[in-house]
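# Results of the structural survey
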There are 2 protein chains.
Amino acid sequence: MLDRQKKILYFNTFLNFSRFIYVNLEKQWEKVARESGLSSAQQHCLWILFIHEGMTLTQLSNIALWNKSTTSEIVTRLEKKKWIYKKRDNHEIKLYLTEDGKSLVKNSVKNSSCEQFISIFDSLEEDEIKQILETLKQSCDLISLNENKDFKSFVLNYSKDIKDKL
Amino acid sequence: MLDRQKKILYFNTFLNFSRFIYVNLEKQWEKVARESGLSSAQQHCLWILFIHEGMTLTQLSNIALWNKSTTSEIVTRLEKKKWIYKKRDNHEIKLYLTEDGKSLVKNSVKNSSCEQFISIFDSLEEDEIKQILETLKQSCDLISLNENKDFKSFVLNYSKDIKDKL
């Protein structure tokens, strides 16, 4: 058991590093989105539906980590732009990308900001990248990954779902 | 060199895990702050000045990762509440906590939400915690830690600066 001062020290270091990573990623992600004429939230939403089509609004909000009303606003705006559409399936309403929406996502990963952005791991070996991701997953687990089953299953099935889509 | 699909896969996993960690930490941090009658931004600001008193507004904004005008607004509000004060030192204006500000920070880490919050590493050995923090630092480096010297020096000197303060 650590003494209290060390506990606070480690915890705050964790908090500050996590903030730094997120804030900087978000800033660059915003730049990538702008090149496609999107907000970063819209881009995030389109990406999630691109990877895993046919999810409900609740699932989307759990994965994007937005509350329901924010998610609903973003979806409505993207629907108006004809990038996504809703389809009733039994008693559920599910969300899908239109062909235009799919092209938008595919093109967005080709722009130069995105190219630069996804290349941050280029200096590492694959094993090192996997080690980083494993540690991040461990951190998510400590925080409460198990409580958000939609998010967990989305991220962990990512590699299966993305296959042949790009 | 990874193929493009793997690159996008790893990158997106990194992005999603980082978002999950940050959003969930922020949510809990907000709860801790509320128990002390603060916003999470105010609490973040007080914490930074508690650890390292006498910084300029520019340094504070680099460490808190806010732009100058946001930082200035937060500082003004905390000054009005008499938790921080400004002091001219040569040609620079530096920020300090008042005695009330210091008590507020010290008491805030004693409340029950905070106790729970800083205990997320309790199930780990110290070496494992250090490993997580090292990996996060590595991720920060990949993103651009070197470009933000104020933040880097703040986080890396944390353990020295926090000594005897709590």
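Residues numbered from 1 in each chain as written. Chains lettered and ligands numbered in written order. Predicted model: local features only at pLDDT ≥ 70, side-chain atom pairs only at ≥ 80, totals over all residues. Heavy atoms only, no water.

As recorded by an unreviewed UniProt entry, chain A carries the name Winged helix-turn-helix transcriptional regulator and is attributed to Floccifex porci.

## Examining the overall build of chain A
For the record, the criterion: What counts as a helix is a DSSP run of H or I of at least four residues, what counts as a strand is a run of E of at least two, and both are numbered from the N terminus. To sort residues, take the accessible area from a 1.4 Å probe on protein chains only and compare it with the maximum for the residue type: under 20% means buried, over 50% means exposed, and anything in between is partly exposed. Two residues qualify as a contact provided that any one of their heavy atoms is within 4.5 Å of a heavy atom in the partner residue.
For chain A, the helix and strand inventory stands at eight helices and two strands. Counted from the first residue to the last, chain A has its helices and strands arranged as α-α-α-α-β-β-α-α-α-α. When burial is assessed residue by residue, chain A has 53% of its 166 residues classed as buried. Intrachain contacts of chain A at a sequence separation of at least 6 include 54% that bridge at least 24 residues.

## A look at the packing of aromatic side chains
Definition in use: Centres within 6.5 Å are what make two rings of Phe, Tyr or Trp a pair, Trp counting through its six-membered ring; a difference in plane orientation under 30 degrees is then read as stacked, over 60 as edge-to-face, and the rest as tilted. Two thresholds decide whether a charge sits over a ring: the Lys NZ or Arg CZ must be within 6 Å of the ring centre and within 35 degrees of the ring normal.
Evaluated as defined, the whole model comprises 13 aromatic pairs over all chains. Aromatic pair Phe117(A) and Phe11(B): ring centres 4.4 Å apart, planes at 65°, arrangement edge-to-face. Of this pair, Phe117(A) sits in helix α6 (residues 112-117) while Phe11(B) sits in helix α1 (residues 4-35), which puts the two residues in different chains. The residues Phe117(A) and Phe11(B) share a single accessibility class, namely buried. Site record: aromatic cluster; members linked through ring pairs are Phe11(A), Trp29(B) and Phe117(B). Directly above the ring of Tyr96(A) sits Lys87(A), whose terminal nitrogen or CZ lies 5.2 Å from the centroid.

## Considerations on the pattern of salt bridges
Counted only if it meets this: In what follows, salt bridge is the name for a side-chain nitrogen of Lys or Arg lying within 4 Å of a carboxyl oxygen of Asp or Glu.
A full pass over the atoms with the stated rule returns 16 salt bridges over all chains. Between Lys7(A) and Asp122(B) there is a salt bridge, and its shortest N-O distance comes to 3.4 Å. With Lys7(A) in helix α1 (residues 4-35) and Asp122(B) in the loop between α6 (112-117) and α7 (126-143), the pair connects residues from two separate chains. One salt bridge in this structure joins Glu53(A) and Lys102(A), with 3.7 Å as the shortest N-O distance. Note that Glu53(A) is positioned in the loop between α2 (40-51) and α3 (57-64) and Lys102(A) in helix α5 (residues 99-108), a separation of 49 residues in sequence. Here the residues in one salt-bridge network are Glu53(A), Glu99(A) and Lys102(A), joined through shared partners.

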